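If you want the building blocks of each chain, they are given just below.
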Amino acid sequence: MPEILLAGAAVFAGALVQGSVGYGMNLVAAPLLALVDPRLVPVPLLVVALAHAALAFGREFRDVDWRGVGYVMVGRLPGTALGVLAVALLAERPFAAIVGAAVLACVVLSVVSWTPRPTPGALVVAGVASGTFGTASSIGGPPIALLYQHESGPRIRATLAACFGVGSSLSLLALGVAGQVHGYQLTTVLWLLPFLVAGFLLSGPARRFLYGRRMRVAVLSVAAASALALLARSAVG
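Being a predicted model, the structure only gives us computed values, none of them experimental. (Residues numbered from 1 in each chain as written. Predicted model: local features only at pLDDT ≥ 70, side-chain atom pairs only at ≥ 80, totals over all residues. Heavy atoms only, no water.)

*Asks:* Would you mind showing me how to read the overall build of the protein here?
*Replies:* Looking only at helices and strands, the protein has 10 helices and 0 strands in total. If you list the helices and strands of the protein from N to C, you get α-α-α-α-α-α-α-α-α-α. Summarising its shape, the C-alpha atoms of the protein cover approximately 50 × 45 × 30 Å along the three principal directions. Across the 237 residues of the protein, 46% fall into the buried class. Relative to all contacts within the protein whose residues are 6 or more apart in sequence, the contacts with residues 24 or more apart total 83%. Total accessible area on the protein is roughly 10,900 Å²; 72% of this is exposed by carbon and sulfur atoms. Averaged over its 15 positive side-chain charges, the protein has a centre that lies 8 Å from the centre of its 7 negative ones. (Helix = DSSP H or I, 4+ residues; strand = E, 2+ residues; numbered from the N terminus. Buried < 20%, exposed > 50% of the residue type's maximum accessible area, 1.4 Å probe, protein only. Contact = heavy atoms within 4.5 Å. Areas by Shrake-Rupley, 256 points an atom, 1.4 Å probe, with all protein chains shown as cover. Lys, Arg positive; Asp, Glu negative; His and termini not counted. Charge placed at Lys NZ, Arg CZ, Asp CG, Glu CD.)

Next comes the structure, spelled out in structure tokens:
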């Protein structure tokens, strides 16, 4: 029971952050879930992320940038393959450091001078980066979120929810084909769903404060936190 409560607290916090900003579930929940029980990552977390994406999509589906989602998915497929290759060929700690440094550099450029926009080419590149980073390091939201940082809050959250929904489904399908999805994992998810729903519901009032410049600051803050988490992971192992 203590393990379930700790895991539930991690999912609650992740759902609150992602429901408010549009991404951040893995940043908050993945490290804590891995500490509580390594079997909670990746399959149970992917199912939880898929459930959250469905809830977020249902809340703001009218604001989805479907054109952007399509371009991101074009890049995500080869990006996922690159992520698998990176896991096979590269040491985890140096790769995490590279990803963290890249994300942090994008955040700094965004603050100083860079004004990214979700153009077709940029979205495909972000999809490749998201697929690679997400597969290899579990943090794939920042590349896409950075492109949408100047959009409205509902636009960011809804579009990312659609991307995460499709991406999580593809990952679960691949893991299922590989024989990595088991019944006990899905049973564990049932214990975590109430915490997920509670965090998501609390994000409703929280998102009212995130508009305009505040939303951009929130997006950049979560991206910076993701980068620093990866750098810390690479430093301490």
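*Asks:* Please explain the packing of helix H1 (residues 2-21) against helix H9 (residues 183-207) as it appears in this structure.
*Replies:* Two measures define how a pair of helices packs: the angle their axes make with one another and the distance between the axes. Contact geometry for H1 and H9: axes closest at 7 Å, N-to-C directions at 30 degrees. The angle between the axes of H1 and H9 places the two elements in the roughly parallel class. As H1 runs across H9, the sense of the crossing is right-handed. Taking contact as the criterion, the partners of Ile4, Leu5, Ala7, Gly8, Ala9, Val11, Phe12, Ala15, Leu16, Gly19 and Ser20 in H1 are, on H9, Trp191, Leu192, Phe195, Leu196, Ala198, Gly199, Phe200, Leu202, Ser203, Ala206 and Arg207. Considered class by class, the residues forming the contact of H1 with H9 number 16 nonpolar, 5 polar and 1 charged. (Axes fitted to C-alpha atoms, helices over the stretch in contact; angles between N-to-C directions. Parallel < 35°, antiparallel > 145°, perpendicular 65-115°, else oblique. Left-handed = near helix turned anticlockwise from the far one by under 90°. Nonpolar A, V, L, I, M, F, W, Y, C, P; charged D, E, K, R; others polar.)

*Asks:* What is the right way to look at the UniProt feature "transmembrane region" (unreviewed entry) in the protein in this model?
*Replies:* Taking the numbering used here, the UniProt-annotated feature "transmembrane region" (unreviewed entry) corresponds to residues 39-57, 69-89, 95-114, 158-178, 184-205 and 217-236. Counting secondary structure, residues 95-114 comes out at 90% helix and 0% strand; the distance between its end C-alpha atoms is 25 Å. Helix makes up 100% of residues 184-205 and strand 0%, with an end-to-end C-alpha separation of 34 Å. (UniProt positions renumbered as here; feature names shortened; annotations may be inferred.)

*Asks:* How should I be thinking about a nonpolar patch on the surface in this particular structure?
*Replies:* Taken together, the side chains of Leu82, Leu85, Leu89 and Leu90 present a nonpolar region at the surface, about 390 Å² in accessible area. With respect to the element layout, leucine 85 can be found in helix H4 (residues 66-89). (Patch = residues over 30% accessible without salt bridge, like charges linked within 9 Å, V, L, I, M, F, W, Y side chains within 5 Å. Salt bridge = Lys/Arg side-chain N within 4 Å of Asp/Glu carboxyl O.)

*Asks:* Looking at this structure, how should I read unusual backbone geometry?
*Replies:* Both trends apply: most residues other than glycine have a negative phi, and most peptide bonds are in trans. Cis geometry is found at the peptide bond from valine 41 to proline 42, where omega equals 10 degrees. In this structure, proline 42 sits in the loop between helix H2 (25-36) and helix H3 (43-60).

*Asks:* Sorry if this is basic, but what is going on with the packing of aromatic side chains here?
*Replies:* For any two aromatic rings, the description comes down to two numbers: the centre-to-centre distance and the angle of the planes. Counted by the stated rule, this structure contains 2 aromatic pairs. Between the aromatic rings of phenylalanine 57 and phenylalanine 61, the centroid separation amounts to 6.1 Å while the plane-to-plane angle is 40 degrees, which identifies the pairing as tilted. When the centroid spacing of 5.7 Å and the interplanar angle of 70 degrees are considered together, the rings of phenylalanine 57 and tryptophan 66 count as edge-to-face. You can call phenylalanine 57 partly exposed: its relative accessible area is 29%. Members of the aromatic cluster, each reached through a chain of ring pairs, are Phe57, Phe61 and Trp66. (Phe/Tyr/Trp six-rings, centres within 6.5 Å; stacked < 30°, edge-to-face > 60°.)

*Asks:* What is the right way to look at helix H5 (residues 92-112) in this model?
*Replies:* Because each turn of an α-helix spans 3.6 residues, side chains separated by three or four positions end up pointing in the same direction. A rise of 1.5 Å per residue sets the reference length of H5, with its 21 residues, at 30 Å; its end C-alpha atoms lie 30 Å apart and thus fit the reference within 8%. Inspection of H5 places Phe95, Ala96, Val99, Gly100, Val103, Val107 and Ser110 among the buried residues, and these make up the whole buried set. Buried residues along H5 cover an arc of 135 degrees about the axis, so they all sit on one side. Exposed and facing more than 90 degrees away from the buried side of H5 are Ile98 and Val112. Of the surrounding elements, those touching the buried residues of H5 are H4, helix H6 (120-137), helix H7 (142-147) and helix H10 (213-236). (Expected span 1.5 Å × (residues − 1). Arc of directions from axis to C-beta.)

*Asks:* Could you clarify how one ought to interpret the side chain of glutamine 18 in this entry?
*Replies:* When you line up the elements, glutamine 18 lands in helix H1. At 3.3 Å, the side chain of glutamine 18 and the backbone nitrogen of glycine 24 are in polar contact. Reaching out from glutamine 18, the side chain makes a polar contact with the backbone nitrogen of methionine 25 at a distance of 2.8 Å. Not counting residues up to four positions away in its chain, the partners in contact with glutamine 18 are Tyr23, Gly24, Met25, His52 and Phe164. (Polar contact = N/O pair within 3.5 Å; in protein donor to acceptor, adjacent residues only side chain to side chain.)

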